[in-house]
Amino acid sequence: MSKLLHLNAFLMNTGHHEASWRLPESDPFSSTKIGHYANLARIAERGRLDSVFFADSPSLWGDIGRRPSGSLEPTVVLAALAAVTEHIGLIATASTTYNEPYNLARRFASVDHLSGGRAGWNIVTTATLDAARNFNLDALPSHAARYERAEEFLRVAKRLWDSWDDAAILGDKETGLWGDQRLVYPAEHAGEHFQVAGALNVPRSPQGHPLLVQAGSSESGRAFAAAHAEAVFTAQQTLEEAQAFYADLKRRAAAFGRDPDHVLVLPGIVPVLGDTEAEARELEAELDRLIVAEYARDNLAGLLGVAPEELELDAELPGNLRDESEIEGMKSRYTLVVELARRERLTVRQLIGRLGGGRGHRTFSGTAEQVADAIVDWADNGAADGFNIMPAVMPSGLEAFVDKVVPILQERGRFRTEYTGTSLRDHYGLPRPANPRRREALESAVKGVLAHSR
């Protein structure tokens, strides 16, 4: 029997295509309207999707002339969406490079409580110099240094989420005992990057830990994901690339002693839907015509680390680009873009068109049946456990996916028709983490008694 798919909706203002805001139907001011995101979350919930997801970076990304820019702080948005949805998971991005473990662990624990166990954290190390300069740094920390900090950050966050035992709250009105202080465990962490003494000031949340998501595909990113992530968002252009990534990540997870089925791989797909294939391709062509090539070229130049004037719109990429080993930020996306351009011998203008829909994620134009076929094909051929759905235009593209593609997947027995659990972990079929801190406390107490008896 084929496994059920997992589907996440990646929400981005007017849509993932950079020209989506120019369509007559689009609201160019939607990026700061909570009603817009509430509507999108409810549409995704109507489709019984596992979760919605917000990307984020602690800097202004790109030239605001190009597309709607500026974004609300995503954990704040999740808190608002928790109040207007009942089932769907709520995932936000937050950086380990530009946060502190205590505050961030508290924010995600709070969202998990507010939502009844539906919170997820997309863990990123943030690969832009602009972000570094917003946090007292003159240079971007090295790729290796960022991942070293991320490893310690996550260890501290887990200790904080586990710093209350599940049985710590008693609420005994008769005796006047609200909680058992013996079941609160200080973090007591002293490491290279962080010194965290106390327990979290939020009780252990419904999921124990928020669902842990990761989105880097570099060597360091894969190692981090294999050790810690429970869902992995990735960008793959071809079936063969996706199969290789999937097999590699599952193998690495097993090498860490983890169940590979508890590391879900969700490639991004940008579906452009039409009632006919020709209609879908015309919508895609219309969006591509609305791209402002000069802005897009400047953004591509920033990713590649070259001056914009070095990129001729009607020529292929120059041959003297940096080797991946020289890249400190966005390694995997740099490699994907360069390999795509070289493999298909794209001009800069053609490459801009290919990236305009999903910044390197796979774009697929067609009917609902064709999109469903494409999704199932990758899932059945060892390339995905599900997909990160990135509608080119929102809300219409998300509505089309929910109303036309999801029913096909349901009819084929490949997607749920109703939610069967209450938490995000339930939706993804993942266990609630056990809390090791009580055992640690008991072992410490026994050692203390033994030492005293001597």
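Remember, it's a predicted structure, so these values are computed and weren't measured experimentally. (Residues numbered from 1 in each chain as written. Predicted model: local features only at pLDDT ≥ 70, side-chain atom pairs only at ≥ 80, totals over all residues. Heavy atoms only, no water.)

**Side note on the pairing of strand β5 (residues 169–172)**
Then, number 1: When β5 meets strand β6 (residues 177–179), the two strands line up antiparallel, connected through 2 bridges. Bridging from a neighbouring strand, Ile-169 pairs with Gly-179 of β6.
Then, number 2: Hairpin geometry of β5 and β6 is characterised by an intervening segment of 4 residues between the two adjacent antiparallel strands and by a positive phi of about 75° at Gly-176. (Pairing = 2+ DSSP bridges. Helix = DSSP H or I, 4+ residues; strand = E, 2+ residues; numbered from the N terminus.)

**Details of the environment of Ser-142**
Then, number 1: Within the secondary structure, Ser-142 is located in the loop between α4 (129–133) and α5 (143–161).
Then, number 2: Assessed through its relative accessible area of 31%, Ser-142 is described here as partly exposed. (Buried < 20%, exposed > 50% of the residue type's maximum accessible area, 1.4 Å probe, protein only.)

**Remarks on unusual backbone geometry**
Then, number 1: The omega angle of the peptide bond from Met-394 to Pro-395 is 15°, so this bond is cis rather than trans.
Then, number 2: When you line up the elements, Pro-395 lands in the loop between β13 (386–389) and α13 (396–411).
Then, number 3: Backbone geometry at Asn-136 places phi at a positive 65°, although glycine is not the residue there.
Then, number 4: Inspection of the secondary structure puts Asn-136 in the loop between α4 and α5.

**Section: helix α7 (residues 239–255)**
Then, number 1: Over its 17 residues, α7 extends 24 Å from the first C-alpha to the last, a length consistent with the 24 Å expected when each residue adds 1.5 Å.
Then, number 2: The complete set of buried residues in α7 reads Ala-242, Phe-245, Tyr-246, Asp-248, Leu-249, Lys-250, Arg-252 and Ala-253.
Then, number 3: Contacts made by the buried residues of α7 are with α6 (219–228), β10 (231–234), β11 (264–273) and α12 (368–380).
Then, number 4: Count one or two residues on from α7 and you reach Gly-257, which has phi positive near 80°. (Expected span 1.5 Å × (residues − 1). Contact = heavy atoms within 4.5 Å.)

**Here we look at the packing of aromatic side chains**
Aromatic rings in a pair are described by how distant their centres are and how their planes are angled relative to each other.
Then, number 1: Tallying each qualifying case throughout the model produces 11 aromatic pairs.
Then, number 2: Consider the rings of Tyr-147 and Phe-224, whose centres lie 6.1 Å apart with planes at 65°: the pair is edge-to-face. Placement of Tyr-147 in helix α5 and of Phe-224 in helix α6 is noted, with a sequence separation of 77 residues between them.
Then, number 3: Looking at Tyr-147, the relative accessible area reads 12%, which means it is buried. (Phe/Tyr/Trp six-rings, centres within 6.5 Å; stacked < 30°, edge-to-face > 60°.)

**Observations regarding the environment of Ala-144**
Then, number 1: Structurally, Ala-144 can be placed in helix α5.
Then, number 2: For Ala-144 and Thr-234, which are 90 residues apart along the polypeptide, the C-alpha to C-alpha distance reads 20 Å.

**Quick word on the pairing of β13**
Then, number 1: Pairing geometry for strand β1 (residues 6–10) and β13, over 4 bridges, is parallel. Within β13, the residue paired with Asn-8 across the bridge is Asn-388.
Then, number 2: Sheet topology places β11 next to β13; 2 bridges connect them, and they run parallel. Across the sheet, residue Gly-268 finds its bridge partner in β13, namely Asn-388.

**Some points on the packing of α6 against α7**
Two quantities define a packed helix pair, namely the angle between the axes and the distance from one axis to the other.
Then, number 1: It is the contact of α6 with α7, at a shortest axis distance of 8 Å, that shows an interaxial angle of 50°. By the angle between their directions, the pair α6 and α7 is classed as oblique. Crossing handedness for the pair α6 and α7: right-handed. For the pair α6 and α7, contact is made by Glu-219, Arg-222, Ala-223, Ala-225 and Ala-226 and by Phe-245, Asp-248, Leu-249, Arg-252 and Ala-253, respectively. (Axes fitted to C-alpha atoms, helices over the stretch in contact; angles between N-to-C directions. Parallel < 35°, antiparallel > 145°, perpendicular 65-115°, else oblique. Left-handed = near helix turned anticlockwise from the far one by under 90°.)

**Observations regarding the nonpolar core**
Then, number 1: By size, the foremost hydrophobic cluster in this structure holds 113 residues, and its most contacted members are Leu-49, Trp-121, Trp-161, Leu-304 and Phe-401.
Then, number 2: Here Leu-49 is in contact with Leu-7, Asn-8, Ala-9, Ala-44, Ile-88, Val-402, Val-406, Phe-415, Arg-416 and Tyr-419, once residues within four sequence places are set aside.
Then, number 3: In terms of nonpolar packing, the next biggest core, distinct from the first, is built from 10 residues, Ala-226, Val-232, Phe-245 and Ala-253 among them. (Core = buried A, V, L, I, M, F, W, Y, C linked by side-chain atoms within 4.5 Å.)

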